[in-house]
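Okay, here's what each chain looks like letter by letter:
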Amino acid sequence: MTQLSNSQTELLKYLHSQIAETQKQLNSEISKLSIWIEAEGVKSSDMEAVIDYEINKAKLNIESLNLRFQWLVEQLAGYVASN
């Protein structure tokens, strides 16, 4: 088994913490999206634009967080493969 240096250990801890934080943010955005989708079913005409905006914002945030998550996992996989 290969012994990791302190900097390698710190990098792995950082990537792991960032993946966990991104997962937490994703769950939060998915919850927000589901709330706004439920509100969409009972929206009044004056709230239509706000609800549509919030749904689109949540979708974009989810897409962005998914890309960040994928990048972090790729970084971790690349690091593990090279060591």
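Preceding this paragraph is the structure being described.
Computed from a predicted structure; not experimentally measured.

(A) Seen up close, the overall build of the protein chain. Secondary structure summary: the protein chain contains 2 helices and 0 strands in total. Scaling as 2.2 N^0.38, a compact globule of 83 residues should have a C-alpha radius of gyration of about 12 Å, whereas the protein chain reaches 19 Å, well beyond that. When its C-alpha atoms are laid out on the principal axes, the protein chain stretches across 65 × 15 × 15 Å. For the protein chain, buried positions account for 18% of its 83 residues. Within the protein chain, residue pairs in contact and separated by at least 24 positions form 71% of the contacts whose partners lie at least 6 positions apart. A total accessible area of about 6200 Å² is found for the protein chain, and carbon and sulfur atoms account for 57% of it.

(B) Expanded view of the nonpolar core. Residues Leu26, Leu33, Ile51, Ile55, Ala58, Ile62 and Leu65 constitute the largest nonpolar core, which totals 7 residues. Secondary structure elements with two or more residues in this core: α1 (6–40) and α2 (48–82). Here this core gets 5 residues from one element, more than from any other, and that element is α2.

(C) Quick peek at the side chain of Glu29. In this structure, Glu29 sits in helix α1. Aside from chain neighbours lying at most four places away, what touches Glu29 is Ala58, Asn61, Ile62 and Leu65.

(D) Quick peek at the packing of α1 against α2. Two numbers describe how α1 lies on α2: the axes approach to 8 Å, and their chain directions differ by 160°. The orientation of α1 relative to α2 falls into the category roughly antiparallel. For the crossing formed where α1 meets α2, the hand is left-handed.

(E) Seen up close, α1. For α1, spanning 35 residues, the distance from its first C-alpha to its last is 51 Å, which sits close to the expected 51 Å at 1.5 Å a residue. Listed in full, the buried residues belonging to α1 are Leu15, Gln18, Ile19, Thr22, Leu26, Glu29 and Leu33. At its buried positions, α1 is contacted by α2.

(F) Up close: the pattern of salt bridges. Here the structure, examined in full by the defined rule, presents 3 salt bridges. For Glu10, the salt bridge is made with Lys13, and the minimal N-O distance between the two is 3.9 Å. With Glu10 and Lys13 both in helix α1 and 3 residues apart, this pair spans about one turn of that helix. The class for Glu10 is partly exposed, based on a relative accessible area of 48%. For Glu29, the salt bridge is made with Lys32, and the minimal N-O distance between the two is 3.3 Å. Placement of both Glu29 and Lys32 in helix α1 is noted, with a separation of 3 residues, approximately one turn of the helix. For Glu29, a relative accessible area of 11% puts it in the buried group. We classify Lys32 as partly exposed; its relative accessible area is 41%.

About the criteria used
Residues numbered from 1 in each chain as written. Predicted model: local features only at pLDDT ≥ 70, side-chain atom pairs only at ≥ 80, totals over all residues. Heavy atoms only, no water. Helix = DSSP H or I, 4+ residues; strand = E, 2+ residues; numbered from the N terminus. Rg over C-alpha atoms; globule rule 2.2 N^0.38 Å. Buried < 20%, exposed > 50% of the residue type's maximum accessible area, 1.4 Å probe, protein only. Contact = heavy atoms within 4.5 Å. Areas by Shrake-Rupley, 256 points an atom, 1.4 Å probe, with all protein chains shown as cover. Core = buried A, V, L, I, M, F, W, Y, C linked by side-chain atoms within 4.5 Å. Axes fitted to C-alpha atoms, helices over the stretch in contact; angles between N-to-C directions. Parallel < 35°, antiparallel > 145°, perpendicular 65-115°, else oblique. Left-handed = near helix turned anticlockwise from the far one by under 90°. Expected span 1.5 Å × (residues − 1). Salt bridge = Lys/Arg side-chain N within 4 Å of Asp/Glu carboxyl O.

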